[in-house]
Protein chains: 2
Amino acid sequence: MNDPKIRNMEEFATASGISRPTVSKYFNDPQSVRESTRQRIEAALEQYDYRPNIYAINQNRRLTKNIGIVVPYLADPFFAEIARNIENLIIASGFRTILLSSHGDPKQEMDNLDLLRSIKPAGVLLAPLGRASDPAAVKAFCDDVPTVLFDCNISDLGEAFIGHNNVQATEQICEYLCRTGEPPVFFEMRTPPNPNAYRRRNAYCEVMEKLGYPTQLIQVDGEGWNFEEIGYVEGKRVISQRLLTTNTVLCSNDRLAIGFLTAAYETGQRVGRGEDCALRVAGHDNHPYSRFTCPPLTTISHDYVLIAEKSVETLLSFIESGERAQSRETTLFDGKLMMRSSA
Amino acid sequence: MNDPKIRNMEEFATASGISRPTVSKYFNDPQSVRESTRQRIEAALEQYDYRPNIYAINQNRRLTKNIGIVVPYLADPFFAEIARNIENLIIASGFRTILLSSHGDPKQEMDNLDLLRSIKPAGVLLAPLGRASDPAAVKAFCDDVPTVLFDCNISDLGEAFIGHNNVQATEQICEYLCRTGEPPVFFEMRTPPNPNAYRRRNAYCEVMEKLGYPTQLIQVDGEGWNFEEIGYVEGKRVISQRLLTTNTVLCSNDRLAIGFLTAAYETGQRVGRGEDCALRVAGHDNHPYSRFTCPPLTTISHDYVLIAEKSVETLLSFIESGERAQSRETTLFDGKLMMRSSA
DNA sequence: TATTTATCTTTACGCGCGTAAATTTTTAAT
DNA sequence: ATTAAAAATTTACGCGCGTAAAGATAAATA
């Protein structure tokens, strides 16, 4: 390691006693050279501190080994966790990762895609903002770069979509709530940024009708991604104005529910299944913090790991085949009821 | 935009009627060329869809325009928020950003630094893991790359450190708690991953002594970064075993406090300042979720924006001067008491 | 051992751009 | 209008690597 500094592959090749093209071949795929030469190269690697210049590599390769990951809002631990799982899988497959957050801002989302374009990535895993996304711009990007959408679907964009089954999940928790108490009202944003919310709303209406219960949609104002704040402020209003027609509230997602729980607490409404409780509250997503609300939140979990695995696997297969999708596949994973004490 | 595709700067220069070296100069700094030529280039930019190849640029520049950001645990919204602020400031300064999380894992931290090395960044903003970090390896990195540490200090590493004033913050909340009720016990991990915790512990002991109150350290087991879980599990144990010598608990950080609040809720201990409350609980950090706990958490806030600004400003000044620090400056920002209803 | 096949070496070119030096053109100052 | 200064052009080289082609060498097969 204290030998004279190696400045480039030429010098390293000389130092290892192998020709540069063969060394280059080795770095592209160590398995592609003969066992004996691989050992000589690796011996030299231990002796000299050399690594190929990424910029020179990527300049000459038609396809880089970079994969972009774009999430709508990284400050949400839900997305941070999915991103972490995806990153690990991609790196394990010998690719590099660039993680970008759109911070809930459509302009930032476009900037992210622009940045990725200039990186010439092999592929991109994109969880779009949803309603706020610019479909034409996203489509243009997907046409240029193999892109797999996850978490949030925009119809017909990307090679494939991997997400959760909002209908099944909503049905399951609605059935549970109806079976064990009063039928739930549905607490949501009037104009949610994420299309999953619309699917959940529709699923709620359908399953309630199927079960023969009345529906009540409580659609509150508020824009952006500060869901806890919206759930808190509007929850307080809804409770104090006695707008709830039953004692059971199904929130469109856990972050709204977290805020709603705070509102319930502050207005003195005890939440839970017990006799002494005034409200039952349930959420949707199994947010990392849902275990630590007061009371812990009953919700529907989604398997981060499965979504991450399927997304990565799908993208890598497109990358490796070099082909584009003939038909756009959609994969939805079922949710699992997480029974805790809030409902 | 529908003109023939431009493949490189040569073609773009021809198309815009300007020589390539001048175009190159423009892309390095648009202000460095004459007004009239800038307009001609920008007119061409509107007409043709061209952007310089990043890899070719970075290969030839001695210094890239990349700045690395490394945080210990991105799934913690606290770090996600700081990172977001830092990113915006850096991008506004014309640099690029690479955001990496160590996921609480020392090996990952080293991998991140290795990755950054290969990117040849102009500089790095590093919030190290702390206790688990490999000081020698981090030092070696800091010797190679201008690095500014933030949030978590490792003595003598990096060009500078920007963080919060744990002593002032702890003193302030201790004084508040003592003034308004029983003196606090200090709830923390026995072996916290982050050195800020040690400073808070020491500050707690000192200020309590100064105020003439007894100290009680409740040091719980648990490793890693699942602070809520640790606060919850150990909080339950501490409460049920009646280990608290006063009714007031100061948690070493908000995430522990979030778990502790859940423990208090589940064990039926009402938390707050009222007559009917059994416990007061306070935290430290003003975590994004601390407003939405039940009850909302009294804590000490740190100004993300200030820390982000100072960190970026410091790093950029080193990058622009091209010099390294003669003496390592430490900047600490004071915390502000966030009085909520938990204490 | 001879032959086939896989692997390596040599040679050479190109990727897209930074950048330096010498020269010409444009602009600003006198 | 003259001169000096600023900016642009032309020319040329190099960065570190991918990669292709042709020939040489080693390994595997018969």
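Each chain carries its own residue numbering, running from 1 in the direction its sequence is written. For this description, chains carry letters from A and ligands carry numbers from 1, given in the order in which they are written. For a predicted model such as this one, the threshold for reporting local features is a pLDDT of at least 70, and the threshold for listing and counting side-chain atom pairs is 80 or more; totals across whole chains, interfaces and linings nevertheless cover every residue. Only hydrogens and water are removed before side-chain values are computed, so all heavy atoms of the structure are retained for them.

(A) Region of the structure containing the overall build of chain A. Along its length, chain A carries twelve helices and twelve strands. Projected onto its principal axes, the C-alpha coordinates of chain A cover approximately 80 × 40 × 30 Å. Each accessible area is a Shrake-Rupley estimate made with a 1.4 Å probe; only the visible protein chains count as cover when residues are assessed. When the accessible surface of chain A is summed, it comes to about 14700 Å², and 47% of that surface belongs to carbon and sulfur atoms. Charged side chains in chain A number 37 positive and 44 negative. The centres of these two groups are separated by 3 Å. A run of DSSP states H or I qualifies as a helix once it reaches four residues; a run of E qualifies as a strand once it reaches two. Both are numbered from the N-terminal end. Charge convention: Lys and Arg are scored as positive, Asp and Glu as negative, and His as well as the terminal groups of each chain are ignored. To locate a charge, the coordinates of NZ of Lys, CZ of Arg, CG of Asp or CD of Glu are taken.

(B) Molecular detail of the UniProt feature "domain: HTH cro/C1-type" (unreviewed entry) in chain A. Here, the residues flagged by UniProt with the feature "domain: HTH cro/C1-type" (unreviewed entry) are residues 9-51 of chain A. In the segment residues 9-51 of chain A, helix accounts for 70% and strand for 0%; the C-alpha atoms at its two ends are 8 Å apart. UniProt positions are given in the numbering used here, feature names are shortened, and annotations may be inferred rather than shown by experiment.

(C) Representation of the protein's contact with DNA strand C in the model. The rule for a residue being near a molecule or strand is that one of its heavy atoms must lie within 4 Å of it. As a matter of local geometry, DNA strand C sits amid 25 residues, with Thr 37 and Asn 60 of chain A together with Met 9, Ser 24 and Tyr 50 of chain B nearest to it. Atoms of DNA strand C within 4 Å of the protein belong to the sugar or the phosphate in 64% of instances, the rest to bases. What qualifies as a polar contact is a pair of N or O atoms within 3.5 Å, subject to a donor-acceptor requirement within protein and to the restriction that residues adjacent in sequence count only when both atoms come from side chains. One nitrogen or oxygen atom from the main chain of Met 9 of chain B is found 2.3 Å from a phosphate oxygen belonging to DNA strand C. Those elements that place two or more of their residues in the surface near DNA strand C are α2 (20-28) and α4 (54-60) of chain A together with α2 (20-28) and α4 (54-60) of chain B. Under this grouping Gly is polar, as are all residues other than the nonpolar Ala, Val, Leu, Ile, Met, Phe, Trp, Tyr, Cys and Pro and the charged Asp, Glu, Lys and Arg. Taken together, the residues that form the surface near DNA strand C break down as nine nonpolar, twelve polar and four charged.

(D) View of the sheet that holds strand β9 (residues 280-282) of chain A. Residue and element names in this part refer to chain A. Spatially, four strands are ordered β7-β6-β8-β9 in an open sheet, and the strand pairing comes out parallel. What marks the edges here is a single partner per strand, and that holds for β7 (217-220) and β9. For this sheet, the mean angle separating the axes of adjacent strands, direction not counted, is 25°. DSSP bridges decide pairing: two strands pair if at least two such bridges lie between them. All axes are obtained by fitting lines to C-alpha atoms, using only the stretch in contact for helices, and the reported angles, taken between N-to-C directions, cover 0 to 180 degrees.

(E) View of the sheet that holds strand β8 (residues 248-251) of chain B. All names here are of chain B. Ordered in space as β7-β6-β8-β9, the four strands form an open sheet in which the pairing is parallel. On the outer flanks of this sheet lie β7 (217-220) and β9 (280-282), each paired with one strand and no other. For this sheet the average axis-to-axis angle between neighbouring strands, irrespective of direction, equals 25°. Pairing geometry for strand β6 (residues 185-189) and β8, over three bridges, is parallel. Bridge pairing in β8 places Phe 186 opposite Leu 250. Strand contacts of helix α10 (residues 227-240): β6 and β7, with the helix running at about 130° to β6, the strand carrying the most contacts. Working rule for contacts: check all heavy atoms of both residues, and any pair within 4.5 Å makes them a contact.

(F) Representation of the nonpolar core. Counting 115 residues, the largest nonpolar core has Ile 86 and Phe 187 of chain A together with Ile 86, Phe 187 and Phe 260 of chain B as the members making the most contacts within it. Those residues within four positions of Ile 86 of chain A in sequence are excluded, and the remaining contacts are Ile 69, Leu 125, Phe 150, Ala 308 and Val 312 of chain A. Among the buried residues, those of types Ala, Val, Leu, Ile, Met, Phe, Trp, Tyr and Cys that are joined through side-chain atoms within 4.5 Å form a nonpolar core. Between buried and exposed lies partly exposed: a residue is buried under 20% and exposed over 50% of the maximum accessible area for its type, with that area taken using a 1.4 Å probe on protein chains only.

(G) Molecular detail of the protein's contact with DNA strand D. In the vicinity of DNA strand D, 25 residues are found, and the nearest of them are Met 9, Ser 24 and Tyr 50 of chain A together with Thr 37 and Asn 60 of chain B. Restricting attention to atoms of DNA strand D within 4 Å of the protein, one finds that 62% of them are sugar or phosphate atoms. The separation between a phosphate oxygen of DNA strand D and a polar side-chain atom of Tyr 50 of chain A is 2.6 Å. A distance of 2.7 Å is found between a phosphate oxygen of DNA strand D and a backbone nitrogen or oxygen belonging to Arg 34 of chain B. Counting only elements with at least two residues in the surface near DNA strand D, the list comes to α2 and α4 of chain A together with α2 and α4 of chain B. When grouped by side-chain class, the residues that make up the surface near DNA strand D number nine nonpolar, twelve polar and four charged.

(H) Highlighting the state of the cysteines. Residue and element names in this part refer to chain A. What counts as a disulfide here is a pair of cysteine sulfur atoms lying within 2.5 Å. Within this structure, the stated rule accounts for zero disulfides over all chains. The thiol of Cys 142 is unpaired, and the distance to the nearest cysteine sulfur, on Cys 152, comes to 12 Å. On the accessibility criterion, Cys 142 (5% relative accessible area) is buried.

(I) Spotlight on the interface of chain A and chain B. Taken together, the contacts link 47 residues of chain A with 48 residues of chain B. Carbon and sulfur atoms make up 58% of the area that chain A and chain B hide from each other, which totals about 4100 Å². Salt bridges are counted wherever a side-chain nitrogen of Lys or Arg sits within 4 Å of a carboxyl oxygen of Asp or Glu. The interface formed by chain A and chain B holds two salt bridges in total. A salt bridge links Glu 229 of chain B to Arg 291 of chain A, with the shortest nitrogen-to-oxygen separation between them at 2.3 Å. Where chain A touches chain B, the interface holds 16 residue pairs in polar contact (both at pLDDT 80 or more). Looking at the side of chain A that touches chain B element by element, the count peaks at seven residues for helix α11 (residues 254-266) of chain A. By residue class, the composition of the side of chain A that touches chain B is 20 nonpolar, 14 polar and 13 charged. Values labelled buried area give the accessible surface lost by two parts on being combined, using a 1.4 Å probe and summing over both.

(J) Spatial organisation of the relation of the copies chain A and chain B. A least-squares fit on C-alpha atoms brings the copies together, and the residues used are those whose pLDDT is at least 70 in both copies. With an RMSD of 0.1 Å, the fit of chain A onto chain B corresponds to turning through 180° and sliding 0.1 Å along the axis. Both copies are brought into coincidence by an operation consistent with a two-fold rotation axis. Scanning chain A for the C-alpha nearest the rotation axis identifies Tyr 55 of chain A, at a separation of 2.3 Å. Of the interface residues in chain A, 100% have counterparts in chain B that sit at the interface too, so the contact is made through matching surfaces.

(K) Highlighting the UniProt feature "domain: HTH lacI-type" (unreviewed entry) in chain A. According to UniProt, the positions carrying the feature "domain: HTH lacI-type" (unreviewed entry) are residues 7-61 of chain A. Along residues 7-61 of chain A the backbone is 67% helical and 0% strand, and the end-to-end C-alpha distance reaches 21 Å.

(L) Inspection of the pattern of salt bridges at higher detail. Residue and element names in this part refer to chain A. Here the structure, examined in full by the defined rule, presents 34 salt bridges over all chains. Taking the shortest distance from any N to any O, the salt bridge between Glu 10 and Arg 20 comes out at 3.5 Å. Note that Glu 10 is positioned in helix α1 (residues 9-16) and Arg 20 in helix α2, a separation of ten residues in sequence. The class for Glu 10 is partly exposed, based on a relative accessible area of 46%. Relative accessible area serves as the criterion here: at 38%, Arg 20 is assigned to the partly exposed category.

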